[in-house]
Amino acid sequence: MKIGFIGCGNMAGAMIGGILRKKLVAPDQIIATAKTRNSIERAKKEYSIGVTPDNREAASFADVLVLAVKPVYMEEVLDEIADALKPDSIVVSLAPGKTLDWFAKKLGPDRKIVRTMPNTPALVGEGMTAICPNGNLSEEDIQLVENIFQSFGKTEITAESMIDVVTGISGSSPAYVFLFIEAMADAAVLKGMPRKQAYVFASQAVLGSAKMVLETGKHPGELKDMVCSPAGTTIEAVKVLEEKGFRGAVMDAVSACVDKGRGI
Ligand SMILES: NC(=O)C1=CN([C@@H]2O[C@H](COP(=O)(O)OP(=O)(O)OC[C@H]3O[C@@H](n4cnc5c(N)ncnc54)[C@H](O)[C@@H]3O)[C@@H](O)[C@H]2O)C=CC1
Ligand SMILES: O=C(O)[C@@H]1CCC=N1
């Protein structure tokens, strides 16, 4: 299987790193396109994959072609590559806002198209991806796409109507979590802890808490209650977070993200 990436930025880089880490395919089975001489050299050096400035070359190489450019560039990319695609290849989009119908109009009604919403933890094998195939993919095609995304994390097949919600809680949420980790570490630094150590404590606590939700199957509220001793330290912090509208702020933030995705 040959995998192509149009664009080799943050998300493609995380996916390529994850695929190679898992050895799903050899580096020479992957090609990515980059615009500038610097980014071409950087991608070659970092991943030892094929890198070219020519999007049509990647399109004619790939059995699965991942469109890893921002939505605003999608139309010009499709205009450029449409007649260079392999006849039976699968086109995978990472872009919010661009619907399966929109792609079918650009690439024809028979093209195999998959909308996805991955996230950057793919880089460390802990990605989460929503996969939304159109009706032209066989079960085997869908399995192939799942295999790619499962090489660097978990996947869920979702309805297209849910994909913007996935962006809100998964595609974009690593940014909110990094903000949370940074803020906790800032507080620890304020209280005298060296910054490097503060990142270890804050990040490991987030990692472990997420694992508890996934592995125990317990309600997050129950897990929170297990940490809050009566008249203890934790409930003091929880009270401050509630007073400052932490949950409402998170809900508003996720909603704003979903709405933005729907409006692109
Ligand atoms: N960064 C993230 O956490 C996530 C990003 N996405 C989606 O993935 C897509 C890519 O996002 P990022 O990697 O973050 O963006 P990015 O800006 O880091 O990378 C995009 C790359 O595409 C290149 N590019 C632009 N026009 C091009 C063209 N015509 N031909 C070839 N290359 C071109 C740019 O030079 C850049 O290197 C977007 O649609 C984004 O919404 C989805 C989930 C998570
Ligand atoms: O910010 C963005 O538009 C992309 C989509 C999901 C994460 N990053």
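Parameters and conventions
- Residues numbered from 1 in each chain as written.
- Chains lettered and ligands numbered in written order.
- Predicted model: local features only at pLDDT ≥ 70, side-chain atom pairs only at ≥ 80, totals over all residues.
- Heavy atoms only, no water.
- Helix = DSSP H or I, 4+ residues; strand = E, 2+ residues; numbered from the N terminus.
- Contact = heavy atoms within 4.5 Å.
- Domains from an automatic or database assignment.
- Buried area = accessible area lost by both parts, 1.4 Å probe.
- Salt bridge = Lys/Arg side-chain N within 4 Å of Asp/Glu carboxyl O.
- Polar contact = N/O pair within 3.5 Å; in protein donor to acceptor, adjacent residues only side chain to side chain.
- Nonpolar A, V, L, I, M, F, W, Y, C, P; charged D, E, K, R; others polar.
- UniProt positions renumbered as here; feature names shortened; annotations may be inferred.
- Near = heavy atom within 4 Å.
- Areas by Shrake-Rupley, 256 points an atom, 1.4 Å probe, with all protein chains shown as cover.
- Buried < 20%, exposed > 50% of the residue type's maximum accessible area, 1.4 Å probe, protein only.
- Pairing = 2+ DSSP bridges.
- Right-handed = clockwise from strand over helix to strand, strands pointing away.

Asker: Could you clarify how one ought to interpret the environment of Lys-2 in this entry?
Answerer: Residue placement: Lys-2 occurs in the segment before strand S1 (3–6). As for Lys-2 and Pro-220, which are separated by 218 residues in sequence, their C-alpha atoms are 41 Å apart. If sequence neighbours within four positions are ignored, Lys-2 has contacts with Gln-29, Phe-61, Ala-62, Asp-63, Val-64 and Lys-86.

Asker: Looking at this structure, I do not really get the domain arrangement of the chain. What am I missing?
Answerer: Along its sequence, the chain is organised into domain 1 (3–163) and domain 2 (171–263). If you average the C-alpha positions of domain 1 and of domain 2, the two centres end up 32 Å apart. Roughly 410 Å² of surface becomes buried between domain 1 and domain 2 when both sides are summed, with 57% attributable to carbon and sulfur atoms. Viewed at the interface, domain 2 and domain 1 are joined by zero salt bridges. Joining domain 1 to domain 2, the criterion identifies zero residue pairs in polar contact (both at pLDDT 80 or more). Of the residues that constitute the side of domain 1 that touches domain 2, the class distribution is three nonpolar, four polar and one charged.

Asker: Got a minute to help me understand the UniProt feature "domain: Pyrroline-5-carboxylate reductase catalytic N-terminal" (unreviewed entry) in the chain in this structure?
Answerer: Per the UniProt record, "domain: Pyrroline-5-carboxylate reductase catalytic N-terminal" (unreviewed entry) is found at residues 2–96. Segment residues 2–96 splits into 44% helix and 20% strand. End C-alpha atoms: 25 Å apart.

Asker: What's the story with the site of ligand 2 in this structure? I'm lost.
Answerer: Close contacts around ligand 2 come from Pro-96, Met-117, Thr-167, Gly-171 and Ser-172, and that covers them all. Within the complex, the protein chains bury 50% of what would otherwise be the 250 Å² of accessible surface of ligand 2. For the shell around ligand 2, the residue count by class is two nonpolar, three polar and no charged.

Asker: Help me out: how do you make sense of the pairing of strand S5 (residues 90–93) in this one?
Answerer: Side chains Ile-90 and Val-92 project from S5 onto one buried face, and the interleaved Val-91 and Ser-93 project onto a second face that is buried too. For strand S4 (residues 64–67) and S5, the ladder comprises four bridges, and the chain directions are parallel. Looking at S5, one finds that Leu-65 is bridged to Val-91. Regarding topology, helix H4 (residues 71–81) serves as the crossover connection from S4 to the parallel S5, and that connection is right-handed. One ladder, built from four bridges, connects S5 with strand S6 (residues 112–117); its direction is parallel. The residue bridging Val-92 from the neighbouring strand is Val-114, located in S6.

Asker: Quick question: what am I supposed to make of the site of ligand 1 here?
Answerer: Around ligand 1, a shell composed of 22 residues is seen, among which Asn-10, Met-11, Asn-55, Val-69 and Pro-96 lie nearest. Interatomic distance of 2.8 Å between a backbone N/O atom of Met-11 and an oxygen atom of ligand 1. Where the shell around ligand 1 is concerned, the elements lending two or more residues are helix H1 (10–22) and H4. Within the shell around ligand 1, the residues separate by chemical class into 12 nonpolar, seven polar and three charged.

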